[in-house]
Amino acid sequence: KMKPSFKGIDMFKRLPKDLTEGTYSGAILSIGCLFVMITLVMIEFGSFFDDKVSTVLTIEQVDPFEKLYINMDIDFPACP
């Protein structure tokens, strides 16, 4: 059970079935949200399973005559 002080924060209150009523605008909003959620999930899965590897290295130099030291650690797995 929740404490009475936390019940005022509850954003998803339960209503009896006889007090709820479906509306046309609510149905359109629900279908739109479902479409957006499915689209975002499909885009995320597409990005996750994409095997393209891209590396971008950007260096900002304030003084063009200043020496810039770069240490790179490169691993080559399973090289014969």
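Residues numbered from 1 in each chain as written. Predicted model: local features only at pLDDT ≥ 70, side-chain atom pairs only at ≥ 80, totals over all residues. Heavy atoms only, no water.

1. As for a nonpolar patch on the surface
A contiguous nonpolar patch, built from Leu57, Ile59, Leu68, Ile70, Met72, Ile74 and Phe76 and spanning about 790 Å² of accessible area, is present on the exposed surface. Its location among the elements puts Leu68 in the segment after α2 (24–49). Under the relative-accessibility criterion, Leu68 is labelled partly exposed at 46%. (Patch = residues over 30% accessible without salt bridge, like charges linked within 9 Å, V, L, I, M, F, W, Y side chains within 5 Å. Areas by Shrake-Rupley, 256 points an atom, 1.4 Å probe, with all protein chains shown as cover. Salt bridge = Lys/Arg side-chain N within 4 Å of Asp/Glu carboxyl O. Helix = DSSP H or I, 4+ residues; strand = E, 2+ residues; numbered from the N terminus. Buried < 20%, exposed > 50% of the residue type's maximum accessible area, 1.4 Å probe, protein only.)

2. Observations regarding the packing of aromatic side chains
Using the criterion set out here, one finds two aromatic pairs in the structure. Consider the rings of Phe45 and Phe49, whose centres lie 6.1 Å apart with planes at 10 degrees: the pair is stacked. Placement of both Phe45 and Phe49 in helix α2 is noted, with a separation of four residues, approximately one turn of the helix. With a centroid separation of 5.0 Å and 75 degrees between ring planes, the pair formed by Phe48 and Phe49 is classed as edge-to-face. By relative accessible area, Phe49 is classed as exposed at 59%. One aromatic cluster is present, built from ring pairs that chain together Phe45, Phe48 and Phe49. (Phe/Tyr/Trp six-rings, centres within 6.5 Å; stacked < 30°, edge-to-face > 60°.)

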